[in-house]
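# Coordinate analysis (summary)
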Amino acid sequence: MGLQDELRTLQPVVMDLFTQSVMFDRLSHGYLLAGAKGTGKKQIARFLAKSLFCLEPTEKELVCGECVNCTRIDNHNHPDVHFLKPDGASIKIDQVRELKMELTKRGMESDKKVLIIEEADKMTLQAANSLLKFIEEPEPGMLLLFLTENPSQILPTIASRLQPVQFKELSFNQLVERLVSTGISEQKARIYASLTGSIQEVMEYEEGEFFADARNAAIKLYEGLYQTGPNPLIFIQETWMPLFKEKESLKLGLDLFMLLLRDVLHLSLSSEYEPICVGQKDMLVNDALKFSLAKITGDIELVLSAKTKLDSNMNPQLLMEQLVLKVQGGHLFA
Ligand SMILES: [Zn+2]
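The shown structure was predicted, so the numbers you read here are calculated from the model rather than taken from an experiment.

Reading the values: rules and limits
- Residues numbered from 1 in each chain as written.
- Predicted model: local features only at pLDDT ≥ 70, side-chain atom pairs only at ≥ 80, totals over all residues.
- Heavy atoms only, no water.
- Helix = DSSP H or I, 4+ residues; strand = E, 2+ residues; numbered from the N terminus.
- Rg over C-alpha atoms; globule rule 2.2 N^0.38 Å.
- Buried < 20%, exposed > 50% of the residue type's maximum accessible area, 1.4 Å probe, protein only.
- Contact = heavy atoms within 4.5 Å.
- Areas by Shrake-Rupley, 256 points an atom, 1.4 Å probe, with all protein chains shown as cover.
- Lys, Arg positive; Asp, Glu negative; His and termini not counted.
- Charge placed at Lys NZ, Arg CZ, Asp CG, Glu CD.
- Domains from an automatic or database assignment.
- Donors = N, O, S within 2.8 Å, 3.2 Å for Na, K, Ca; no water.
- Tetrahedral: all angles 85-135°; square planar, octahedral: opposite > 155°, others 65-115°.
- Polar contact = N/O pair within 3.5 Å; in protein donor to acceptor, adjacent residues only side chain to side chain.
- Pairing = 2+ DSSP bridges.
- Axes fitted to C-alpha atoms, helices over the stretch in contact; angles between N-to-C directions.

## Quick notes on the overall build of the protein
When helices and strands are counted, the protein shows 16 helices and five strands. Taking 334 residues into account, the globule formula puts the C-alpha radius of gyration at 20 Å, and the protein, at 26 Å, lies well above it. By residue count, 45% of the 334 residues in the protein fall in the buried class. In the protein, the proportion of contacts linking residues at least 24 apart, taken out of those at least 6 apart, comes to 69%. If you sum the accessible surface of the protein, you get close to 17,000 Å²; carbon and sulfur atoms cover 51% of it. Between the mean site of the 36 positive side-chain charges and the mean site of the 46 negative ones, the protein shows a separation of 3 Å.

## So, the domain arrangement of the protein
Structurally, the protein comprises domain 1 (3-166) and domain 2 (209-329). Placing a centre on the C-alpha atoms of domain 1 and another on those of domain 2 gives a separation of 45 Å.

## Here's the deal with the coordination of the zinc ion
Looking at the zinc ion, the protein donor atoms are Cys54 (SG), Cys64 (SG), Cys67 (SG) and Cys70 (SG), and they sit 2.3 to 2.4 Å from it. Taken together, the four donor atoms coordinating the zinc ion and their angles of 103 to 120° define a geometry best described as tetrahedral. Each donor residue of the zinc ion lies on the same chain, and together they follow the pattern C-x9-C-x2-C-x2-C. With a relative accessible area of 5%, Cys67 lands in the buried category.

## With respect to the side chain of Asp263
Here Asp263 lies in helix α13 (residues 247-269). For Asp263, the side chain forms a polar contact with the main-chain nitrogen of Cys277, separated by 2.7 Å.

## Overview of the sheet that holds strand β3 (residues 113-117)
Taken in spatial order, the five strands of this open sheet run β2-β3-β4-β1-β5, and their pairing is parallel. Sheet topology places β2 (81-84) and β5 (163-166) at the edges, where each strand pairs with a single neighbour. On average, adjacent strands in this sheet sit at an angle of 20° to one another, irrespective of strand direction. Of the strands in this sheet, β1 (30-34) and β5 touch helix α2 (residues 12-23), which is tilted by about 135° from β5.

Printed below as a string of structure tokens:
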């Protein structure tokens, strides 16, 4: 698959818009590329830049990816393609000044210029104001690409002059593929992808040890409730609550517990189903045969309702104890 097709698989609507605009020479002077991390904003911005400078485009592939211009854009050293991104926490006015100098000084190779601004929402107010001129009075041949995960954080004076382009979230399988390509095992990637659509969040989980502890705790709680694991009420008091002190972390704990229940549900509906928690497969397959559908769905609802109560500031320990008692009060067998 060529680069163009690959990007089209990732973002079909966006790629159709841009390839049509390039082919019919209808590119607007500025776009706001908005979407979550990992949705392809940077690749598509670079693709657009290449499409303007590529020396060997064909009708099917607007970008060859190999000519000297494509290579220079990939290496950030094409004289007419400029990149701007936060230096530390923000994009500062000095960076914008430097960029403006560069834009006037350098010997340009053509009448086209591209400016790609990553994390454009992290621009200081002064930097943004200093950039406004480019946007208000666009030079002919200048293409501005603002990339952001938080379009609402872009100054309205800037956003209103750019054409918004929304990138779609990755599908479950796309996210798993992405995570696997960063070196995460497929087994783990499927668990992460079930919990969040954010690659950023996954990377944070990967960095610390908390995630592994949280997952072990969720498995222990499950075993305590449905198998011959630790007494769940004592486990909640001694292990669960000390581990999940913050509301957000407790939500993660409940989500991880929920993954096990969801696997049981799917397994009871189809024996072909490959569980997310593949390490617990044998136990989950057995439970899927043992529990009634009503019991499984009932318990899933209890967890969902516990998460809602957490948002309304119910005491977390009380909430967990009630959850345990309600799950235990249900009838285990059909
Ligand atoms: Zn090329």
